[in-house]
Amino acid sequence: MGNDFPLHFFLANLERAKSIMRLFNRLRFSTLKNGNVKRYLVYAIGEIILIVLGILIALNFDAKRESDHKTLREIKVLEGIRDDILRDTVDINLNIRGYESVIKSDSLLLRAFAERKPYEPGISNHIVYLYFRDFLLVLHQSSFEQAKSQGLEIISNQKLRTDVSRLYEFDYHYLLLLENESGTKPKHQQVLDNTLLDQIEFVNQYAKDSTGTMEMLSMVTEETYYELMDDAKFMLMLGMELEMKRELLHSKYHPTLEHALKLVQDIDKELLRLED
């Protein structure tokens, strides 16, 4: 497409160019006929200058057109990446709230065991919660992958390009690896799961939820509650689980969310500059 415009430019002005050239030819022949070589050279130089100017103008129009086309492509890429990141912040926030709930639950359970509080369903439910709290992280990367396929240089702002790459190829990659692709659970989580599977006897009870629908509740027996309270290994693994969740939340999730939100602001500023 870059070469179509100069060709169109020259074709549209072909007749005018021919007229000018005929004029110069008449002047040149007249000048040569009269023996005025100096004036002939002036006309010849004038022809060259006009031709060069015509080429430069056509190339300038073509370069401007190509630049505008590239800017529109960059705007589309940045808008797609921004919208994807905004969707990602929703899922990241959901996981953050989930981990905050896990940390609160683990803390309450550890405190209850440390203070040897008597069995009650409200406390024992935190044990059930240990078994049903796997997290899945869904992040949208299609716009970034499309930008990579075109070449990330399409993002003209070098700092912004670097920040986008860092979010997707470092922050997102690490979180996805931890949540979705790790394959094998850490040792302490395996111990917790095995303990729960081997020792807990779930007592299923039915009750009405807030909408009046009957739902099944899982509870832990009183005997199992006290067995776990006296299980030193279980307590140690539960403490490790709590600290790892805190570390993951504060060193990975929160910084990634802050980076994502800051990047959305930077992309919006760049879009304003490009659209100006």
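Rules used throughout
- Residues numbered from 1 in each chain as written.
- Predicted model: local features only at pLDDT ≥ 70, side-chain atom pairs only at ≥ 80, totals over all residues.
- Heavy atoms only, no water.
- Helix = DSSP H or I, 4+ residues; strand = E, 2+ residues; numbered from the N terminus.
- Buried < 20%, exposed > 50% of the residue type's maximum accessible area, 1.4 Å probe, protein only.
- Contact = heavy atoms within 4.5 Å.
- Areas by Shrake-Rupley, 256 points an atom, 1.4 Å probe, with all protein chains shown as cover.
- Arc of directions from axis to C-beta.
- Core = buried A, V, L, I, M, F, W, Y, C linked by side-chain atoms within 4.5 Å.
- Salt bridge = Lys/Arg side-chain N within 4 Å of Asp/Glu carboxyl O.
- Phe/Tyr/Trp six-rings, centres within 6.5 Å; stacked < 30°, edge-to-face > 60°.
- pLDDT = per-residue confidence, 0-100.

Chemist: What am I meant to see in the overall build of the chain here?
Modeler: Counting secondary structure elements, the chain contains 9 helices and 2 strands. When the elements of the chain are put in sequence order from the N terminus, they spell out α-α-α-α-α-α-α-β-β-α-α. Looking at the chain residue by residue over its 276 residues, the buried ones come to 36%. Considering only contacts in the chain between residues 6 or more positions apart, those separated by 24 or more positions represent 80%. In the structure as shown, the chain presents an accessible area of about 17200 Å², 57% of it carried by carbon and sulfur atoms.

Chemist: Would you take a moment to explain helix 5 (residues 142-150) for this structure?
Modeler: Structurally, the α-helix is built with 3.6 residues per turn, so residues lying three or four positions apart point the same way. Along helix 5, the residues that are buried comprise Ser143, Phe144 and Ala147. The buried residues of helix 5 occupy an angular sector of 100° when projected down its axis, which confines them to one face. Residue Gly151 follows helix 5 closely and has a positive phi angle near 100°.

Chemist: Would you take a moment to explain the nonpolar core for this structure?
Modeler: Buried together is how nonpolar side chains tend to be arranged in soluble globular proteins. Membership of the largest hydrophobic core comes to 50 residues, with the highest contact counts inside it found for Ile81, Ile85 and Tyr253. Contributing elements (two or more residues each) for this core: helix 3 (37-114), helix 4 (121-131), helix 5, helix 6 (158-179), helix 8 (222-229) and helix 9 (232-275). No other element matches helix 3, which puts 14 residues into this core. When residues no more than four places from it in sequence are discounted, the contact partners of Tyr253 are Ile92, Asn95, Ile96, Tyr99, Leu137, Leu175, Glu179 and Leu248.

Chemist: Just to check I follow, could you spell out the pattern of salt bridges for this structure?
Modeler: For side chains bearing opposite charge, pairing can occur when the charged atoms are close. The final tally for this structure, using the stated rule, is 12 salt bridges. Across the pair Arg82 and Asp268 runs a salt bridge, and its minimum N-O distance is 3.0 Å. Here Arg82 is found in helix 3, whereas its partner Asp268 is found in helix 9, with 186 residues between them in sequence. For Asp268, a relative accessible area of 31% gives the class partly exposed. Of the charged contacts, one joins Lys148 and Glu169 as a salt bridge, the two residues approaching to 3.5 Å between their closest N and O atoms. Of the two residues, Lys148 is situated in helix 5 and Glu169 in helix 6; the sequence distance between them amounts to 21 residues. Here Lys148 falls in the partly exposed class, since its relative accessible area comes to 38%. Connected through salt bridges with shared partners, the residues Arg82, Asp83 and Asp268 form a single ionic network.

Chemist: Would you mind going over the packing of aromatic side chains with me for this structure?
Modeler: The geometry of an aromatic ring pair is captured by the separation of the ring centres together with the interplanar angle, meaning the angle of the planes. Under the defined criterion, the tally for this structure stands at 6 aromatic pairs. Note on Tyr119 and Tyr225: the rings are 5.5 Å apart at their centroids and 70° apart in plane angle, and the pair reads as edge-to-face. One end of the pair, Tyr119, is in the loop between helix 3 and helix 4; the other, Tyr225, is in helix 8, with 106 residues separating them in the sequence. Looking at Tyr225, the relative accessible area reads 0%, which means it is buried.

Chemist: Would you mind going over helix 8 with me for this structure?
Modeler: Taken as a whole, helix 8 has its buried residues at Thr224, Tyr225, Leu228 and Met229. The buried residues of helix 8 occupy one face: seen down the axis, they fall within an arc of 140°.

Chemist: Can you walk me through unusual backbone geometry in this structure?
Modeler: Note: most residues except glycine have negative phi, and most peptide bonds are trans. A positive phi angle is found at Arg116, which is not glycine, with a value near 50°. By the secondary structure assignment, Arg116 is in the loop between helix 3 and helix 4.

Chemist: Looking at this structure, how should I read the environment of Val164?
Modeler: Locating Val164 in the fold gives a position in helix 6. What makes Val164 buried here is its relative accessible area of 1%. Val164 sits 82 residues away from Arg82 along the chain, and the two C-alpha atoms are 9.8 Å apart.

Chemist: I keep staring at the environment of Tyr168 and nothing clicks. Help me out?
Modeler: In this fold, Tyr168 is placed in helix 6. Classification of Tyr168 as buried rests on a relative accessible area of 2%. Leave out the neighbours within four places in its chain, and Tyr168 touches Ile81, Asp84, Ile85, Asp88, His140, Gln141, Phe144 and His173.

Chemist: What is the right way to read the confidence of the model for the chain from this model?
Modeler: For residues with low pLDDT, the predicted coordinates do not support detailed interpretation. For the chain, the average pLDDT comes to 77, and 64% of its residues sit at 70 or higher. Segment residues 1-11 is flagged for pLDDT under 50; beyond a separation of four residues in sequence, or across chains, it makes 17 contacts in the model.

Chemist: Got a minute to help me understand the side chain of Arg161 in this structure?
Modeler: Assignment of secondary structure puts Arg161 in helix 6. Each residue touching Arg161, except ones within four places of it in the same chain, is listed here: Leu152, Glu153, Ile155 and Ser156.

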